[in-house]
Every structure is written in structure tokens, then in C-alpha cells.
Amino acid sequence: MKPGNIPLLALLSLLGACSVKPVQPYSEPPLGVPTAQLRVITNGEVRGEAYAGCLGDSKRLAKAGRFGRDHQASINYPQFPVQPRQIDMLPRFAPKLPAYVGAIRMAEGAYSEVVTEYRVPAGRPFLLESAGLAAGSYGSTYRTCPPAQKVVLFEPGKSYEVYVGLNYIPVAGGEVQAMCAFAVYQLLPLSRPGATLPMALESRPPADRHCPGS
């Protein structure tokens, strides 16, 4: 998916509209519930929650924070979680996402990739959301990735990755092209230690209606 052409003010307004209510942190299922393992990789923001056929108040899984040249975190743009966690998962497959300067308050530092891992409910639909992002560039130019949503189904005991954000890929002539990534896939082990292979996970869009009370 290529970066969107949504005007910057419109995108920022849309992102703000999605945050009228405080976004609560994701909570793992209680003991005894079938679960899968999910690694969240993003230089934007990813939210998620069990899906019951309507759009509720999804929870924050991960949000990139800003860091200065001295690698000090910005107090105004902290990452979430502040201390990413690791659980018993297969090795990472996805390449590292690049850092980028935000479209506003550029002196606050660059958004940097955050990686954290969770146990998520298996055997029932799960909604994953990219909250969108806006990256600054030279002069008055910028790149945007619009919000997006996917409903997936995880299998018990399996390991998955969700890879969300702004990336750059090489193209002809030695140039690079910006692209918006939103991929969800199962991790398959290989015989070589530390290596995995991705298998794309089927997804569908959520219903265009909100749950009562949300």
C-alpha cells in the first residue's frame, strides 16, 4: 500500500477524532483462555481487541515514541509500552522499520520502531487497527499513512507478527519509494536456527457499525 494522499490537516483531524476517548492499554486474556502469541512491530500506532461484529473501543498494543539524536526519549511523545516485553515466541521475520521525523514539531525528535509481544485470544475474531501516521520531509512536503483495519483469526499456540508503519523500498535507478505497511502473518519455523518464514494470514474488513455504548 502506497502512502496516502490525504491532506495533512485532514489526516491529523482524523487521528484526533479517533482519540476523543483516552485509548486504554491492551489487557491479555485471563488464564484458561486459548491464546496465540503476537509480536507487534510499528513506527506508528497499533490497536487491537477481540471482535464481536461491531467496532468498539480498541486498546493500544504499541505506539512509536520520539527520540532525539542523543537517543533520549521525548517526554511529550513517549513510546508505548515504555518497557516492551518479550514472551516465548519464534524469532522475528520482518525487517526493521526506519525512523522518521513527525510532520509537526519536528524538533521533538524522530519516531522510532517499537517492538513488543502479547498473548492474544485464539479461535475467535480479533480486530487489528493501524491508527495512521504523518511523516515530515524537506520543506513543506510530508508523507501519510491513513488509518486501516483488519479482522483476523489466530490459532491457539501459534506465533504471529503484525507489521505496521512507514517503510522505504528500493526501486529502479537506486532510488527508494515510501510505502505504508500493514501485514499480518503466521511465523513458521525453519530448520536453520533463528530463522522463520511468514505465511500470510487471511483478513477481512470489520463491519461499518459501532457497538452500543462505544
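Attention here is on the structure that accompanies the text. (Residues numbered from 1 in each chain as written. Predicted model: local features only at pLDDT ≥ 70, side-chain atom pairs only at ≥ 80, totals over all residues. Heavy atoms only, no water.)

Applying the stated criterion to the full structure yields 2 disulfides. In this model, C54 is linked to C211 through a disulfide, with the two sulfur atoms separated by 2.0 Å. Measuring the twist about the S-S bond at about 100°, one finds the C54-C211 disulfide to be right-handed. Of the two residues, C54 sits in the loop between β2 (45-50) and β3 (59-63) while C211 sits in the segment after β14 (196-200), which places them 157 residues apart along the sequence. Exposure remark for C54: the relative accessible area of 13% places this residue in the buried category. Looking at C211, the relative accessible area reads 18%, which means it is buried. The residue that forms a disulfide with C145 is C180, at a sulfur-sulfur distance of 2.1 Å. Across the S-S bond linking C145 and C180, the dihedral sits near -95°, which makes this disulfide left-handed. Of the two residues, C145 is situated in strand β10 (residues 142-145) and C180 in strand β13 (residues 176-189); the sequence distance between them amounts to 35 residues. You can call C145 buried: its relative accessible area is 5%. (Disulfide = S-S within 2.5 Å. Helix = DSSP H or I, 4+ residues; strand = E, 2+ residues; numbered from the N terminus. Buried < 20%, exposed > 50% of the residue type's maximum accessible area, 1.4 Å probe, protein only.)

Moving on, we get to the packing of aromatic side chains. With the rule as written, the count across this model stands at 7 aromatic pairs. When the ring of Y26 is compared with that of Y118, the centres are 5.3 Å apart and the planes differ by 80°; the resulting orientation is edge-to-face. With Y26 in the loop between α1 (8-17) and β1 (35-42) and Y118 in strand β7 (residues 114-121), this residue pair connects regions lying 92 residues apart in the sequence. Across the pair, Y118 and Y26 agree in class, each one buried. (Phe/Tyr/Trp six-rings, centres within 6.5 Å; stacked < 30°, edge-to-face > 60°.)

Here we come to the sheet that holds β7. Strand order in this open sheet of 5 strands is β7-β1-β12-β13-β14, and the pairing throughout is mixed. Every other strand in the sheet has two partners, leaving β7 and β14 as the edge strands with one partner each. Taking the axes of each pair of neighbouring strands and ignoring which way they run, one obtains an average angle of 35° across the sheet. Strand direction decides the pairing type here: β1 and β7, joined by 8 bridges, are antiparallel. If you follow I41 over to β7, its bridge partner there is V115. (Pairing = 2+ DSSP bridges. Axes fitted to C-alpha atoms, helices over the stretch in contact; angles between N-to-C directions.)

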